[in-house]
Amino acid sequence: MNRSQGASGDSSPTRRGRVLIVDDEEVIASTLEEFLTGEGFEVAVAGDAERGLALVQSFEPDIALCDVQLPGLDGLDLLDRLLKTRPETLVLMITAYATVENAVAAFHRGAHDYLMKPVIFEELLTKLDRLMSFRRLLQENQALRRALHAPVNLETLVGESASMIAVKAMLRKLGPTRSNVLITGESGTGKELVARALHALGQEPEAPFLAVNCAAIPNELLESQLFGHVRGAFTGADRDRAGLFVAAGRGTVFLDEIGELPLATQAKLLRAIETKEVLPVGATRPVAIAARVLAATNKDLFAEVNAGRFRSDLYYRLNVVAVNMPALRERRGDIPELVTVLLARHASRLGRPAPRIDNAAVKRLASAPWRGNVRELDNALERAIILADGPVLTPRDFPAEVLGPGGDDAVQLSTSDDLREALEQYERAHVRRVLDDCGGDKREAARRLGLGLSSLYRKLEDHAPGRAEGDQG
Ligand SMILES: Nc1ncnc2c1ncn2[C@@H]1O[C@H](COP(=O)(O)OP(=O)(O)OP(=O)(O)O)[C@@H](O)[C@H]1O
Ligand SMILES: [Mg+2]
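Predicted, not measured: the structure shown is a model, and the values here were computed from it.

**Q** Would you explain the overall build of the chain in this entry?
**A** Scanning the chain for helices and strands turns up 20 helices and 17 strands. Taking as baseline every contact in the chain between residues at least 6 positions apart, the subset at least 24 positions apart corresponds to 71%.

**Q** Can you walk me through the site of ligand 1 in this structure?
**A** In the vicinity of ligand 1 there are 15 residues, among which Val-158, Gly-190, Lys-191, Glu-192 and Val-374 approach most closely. Put simply, the parts of the chain that give the shell around ligand 1 at least two residues each are α8 (191-200) and α16 (373-387). Of the residues in the shell around ligand 1, the class split is four nonpolar, seven polar and four charged. The residues that make up the shell around ligand 1 include at least three from each of domain 2 (154-324) and domain 3 (329-404).

**Q** Which parts of the structure should I look at to understand helix α7 (residues 162-174)?
**A** One turn of an α-helix holds 3.6 residues; hence residues three or four places apart share an orientation. Compared with an ideal rise of 1.5 Å per residue, which puts 13 residues at 18 Å, α7 spans 18 Å between its outermost C-alpha atoms and is within 8% of the ideal. Taken together, the buried positions of α7 are occupied by Val-167, Leu-171 and Leu-174. Taken down its axis, α7 places every buried residue within 70° of arc, on the same side. For α7, the exposed residues set more than 90 degrees away from the buried face come down to Ala-162, Ile-165, Ala-169, Arg-172 and Lys-173. Buried residues in α7 make contact with β7 (181-184), α8 and β15 (321-324).

**Q** Teacher, can you tell me more about the confidence of the model for the chain here?
**A** Low pLDDT marks regions whose predicted coordinates should not be analysed in detail. Summarising the model, the chain shows a mean pLDDT of 85, and 88% of its residues fall at 70 or more. This model gives residues 1-14 a pLDDT under 50, and the stretch forms 20 contacts once residues within four places in sequence are excluded. Predicted confidence is poor over residues 466-473, with pLDDT under 50, and the contacts of this stretch with residues over four places away or in other chains come to seven contacts.

**Q** Help me understand the nonpolar core in this model?
**A** Side chains that are nonpolar tend, in soluble globular proteins, to be buried together. Residues Ile-183, Phe-245 and Val-253 are the most contacted members of the largest nonpolar core, which totals 43 residues. Ranked by the residues each element gives to this core, the list is headed by α8, at five residues. Sequence-distant contacts of Phe-245, defined by excluding residues within four places in its chain, comprise Leu-226, Phe-227, Val-253, Ala-272, Val-278, Ile-289 and Ala-291. The next biggest cluster of nonpolar side chains, apart from the first, holds 35 residues, and it includes Val-19, Leu-32, Ala-44 and Leu-65.

**Q** Could you clarify how one ought to interpret helix α11 (residues 263-275) in this entry?
**A** For α11, built from 13 residues, the straight-helix expectation of 18 Å at 1.5 Å per residue is met to within 8% by its first-to-last C-alpha distance of 18 Å. Count one or two residues on from α11 and you reach Lys-276, which has phi positive near 55°.

**Q** Sorry if this is basic, but what is going on with the environment of Pro-391 here?
**A** Inspection of the secondary structure assignment puts Pro-391 in the loop between α16 and β17 (392-393). A count of 8 C-beta atoms within 10 Å places Pro-391 in the exposed class. Between the C-alpha atoms of Pro-391 and Pro-353, which are 38 residues apart in sequence, the distance is 9.6 Å. Setting aside anything within four residues of it in sequence, one finds Pro-391 in contact with Pro-355 and Arg-356.

**Q** Explanation requested: unusual backbone geometry in the structure shown.
**A** Most peptide bonds are trans, and most residues other than glycine sit at a negative phi. In the segment running from Lys-117 into Pro-118, the intervening peptide bond is cis, with an omega of -5°. Looking at where Pro-118 falls in the secondary structure, it is placed in the loop between β6 (113-116) and α5 (121-140). The backbone of Lys-276 shows a phi angle near 55°, a positive value even though the residue is not glycine. If you trace the backbone, Lys-276 turns up in the loop between α11 and β12 (277-278). A positive phi angle is found at Trp-370, which is not glycine, with a value near 50°. If you trace the backbone, Trp-370 turns up in the loop between α15 (359-366) and α16. Trp-370 sits in the buried class, given 24 other C-beta atoms within 10 Å.

**Q** In this structure, what is going on with the sheet that holds strand β14 (residues 292-297)? I would like to understand it.
**A** In a beta sheet, neighbouring strands are held together by backbone hydrogen bonds and run either parallel or antiparallel to one another. Read from one edge of the open sheet, five strands run β8-β11-β14-β7-β15, paired in parallel fashion. Each edge of the sheet is formed by a strand with only one pairing partner; in this case those strands are β8 (209-213) and β15. Going across the sheet, the axis of each strand differs from the next one's by a mean of 20°, ignoring polarity. Where β7 and β15 come together, four bridges link them in parallel fashion. Bridge assignment links Ile-183 to a residue of β15, and that residue is Val-323.

**Q** I keep staring at the packing of helix α9 (residues 219-227) against α11 and nothing clicks. Help me out?
**A** What describes two packed helices is the angle between their axes and the distance between those same axes. Two elements in contact, α9 and α11, have axes whose closest approach is 11 Å; the angle formed by their N-to-C orientations is 10°. Taken together, the axes of α9 and α11 lie roughly parallel to each other. Across the interface between the two elements, Asn-219, Leu-222, Glu-223 and Phe-227 of α9 pack against Thr-265, Lys-268 and Ala-272 of α11.

**Q** What exactly am I supposed to notice about the pairing of β7 here?
**A** Along any regular strand the residues' side chains alternate between the sheet's two faces. Burial along β7 is two-sided: Val-181 and Ile-183 facing one way and Leu-182 and Thr-184 facing the other are all buried. Relative to β14, β7 runs parallel, the two being bridged by four bridges. By the bridge assignment for β14, Leu-182 is matched with Ala-295.

The rules we used
- Residues numbered from 1 in each chain as written.
- Chains lettered and ligands numbered in written order.
- Predicted model: local features only at pLDDT ≥ 70, side-chain atom pairs only at ≥ 80, totals over all residues.
- Helix = DSSP H or I, 4+ residues; strand = E, 2+ residues; numbered from the N terminus.
- Contact = placed C-beta atoms within 7 Å.
- Near = placed C-beta within 6 Å.
- Nonpolar A, V, L, I, M, F, W, Y, C, P; charged D, E, K, R; others polar.
- Domains from an automatic or database assignment.
- Expected span 1.5 Å × (residues − 1).
- Buried ≥ 20, exposed ≤ 12 C-beta atoms within 10 Å, placed from the backbone.
- Arc of directions from axis to C-beta.
- pLDDT = per-residue confidence, 0-100.
- Core = buried A, V, L, I, M, F, W, Y, C linked by C-beta atoms within 7 Å.
- Pairing = 2+ DSSP bridges.
- Axes fitted to C-alpha atoms, helices over the stretch in contact; angles between N-to-C directions.
- Parallel < 35°, antiparallel > 145°, perpendicular 65-115°, else oblique.

Pasting the structure below:
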């Protein structure tokens, strides 16, 4: 049994957290589910480890509640895989009295807490709330934790199209300088990847790379994140705290979605860049900074300047050099390589062999609209790996709205005035599209077309007299 559901009804903003239950005992799982849903948690249930892992990807739980004993992959192996797949998820192991050793082993292997069976609801709630506070603390520190820089070099930037070669040449030149760089481009084009590459190619690759998303943090918090604060500056400021500019040392501060920065903060940022000093919130004395500033935006920042929403002096400060990331649809030639690399990346993260993908699917992916660029492609591939039925990915493993109208096979008005000829042309395109979608599987294509298999063969013969069309299936 595998059910998943959101918190019921009024989606109160004070959601208590997202909990994944992995337990093969259906009665226990559904009792827990009902109880936690009633308590305001969002809950998903998996009956075994494999489903649990899949849900970790799609449901993104804050906390996973795992039985130590599961059929197939056991609870401890699940724990290992889960921590690898999504380290942010906190794991609460549930164990029967007889397996208390397992609980100890679970702790050693990275579980965050455990509970004994039978589960006492009050105890469970206390533990979940405690884990949720811990999780919020972790999230608060996320910007700092991102300092743990994964090695990024230009090879991680896939693409050999002319525009990507130009981007990489630019990055090689800019990396070793300490100039501020403005990275522009649509959402999902790889702006953050470029920022990390610039940092890795820079003079201080070992120094921190600290990213902050200007759109995601409320303004009061943003200033204290960037510039720090002193004890007592506001309620809750119980000690001095260094901001990112100071914490980065001679490393990099990456200001993501800079277009969302409020005007008041823009003024303070400009001053920080010009004077190489910041004034922590509530402080009277400025602190010297040495970090390099990289900024990214998917807005037309120059238009924002003209509209009076972005300071022109800050714009010129940040935009000493601009790197513009091309949209994926402007470099479709890179798609097949991206597909291969991204599939391998997800497969290794999921601890599976990289799946194969058929030509029809690659072709459809190469002609899809990709309004969300590489990120959207990446998500589509991840989803396909997780949900695919067979060992080979086919167009069927991708949602139609992702693939868009099927490239050359999209409905086109016939050039012929003769009705019969026009209908024949349409029929040919339609049959070919369905066959492609089925990865060349004629039996399945016939089923979907509502035809007998022999009628489909006849049609294919009619369409291509004298040839055995693309015969693989
Ligand atoms: N050229 C590329 N090669 C390999 N992976 C890429 C490439 N470009 C982007 N990606 C991957 O696509 C995803 C999105 O990239 P990134 O976060 O850098 O985009 P972004 O422009 O910052 O997006 P957003 O505007 O949505 O924040 C990441 O997982 C990244 O690793
Ligand atoms: Mg980004």
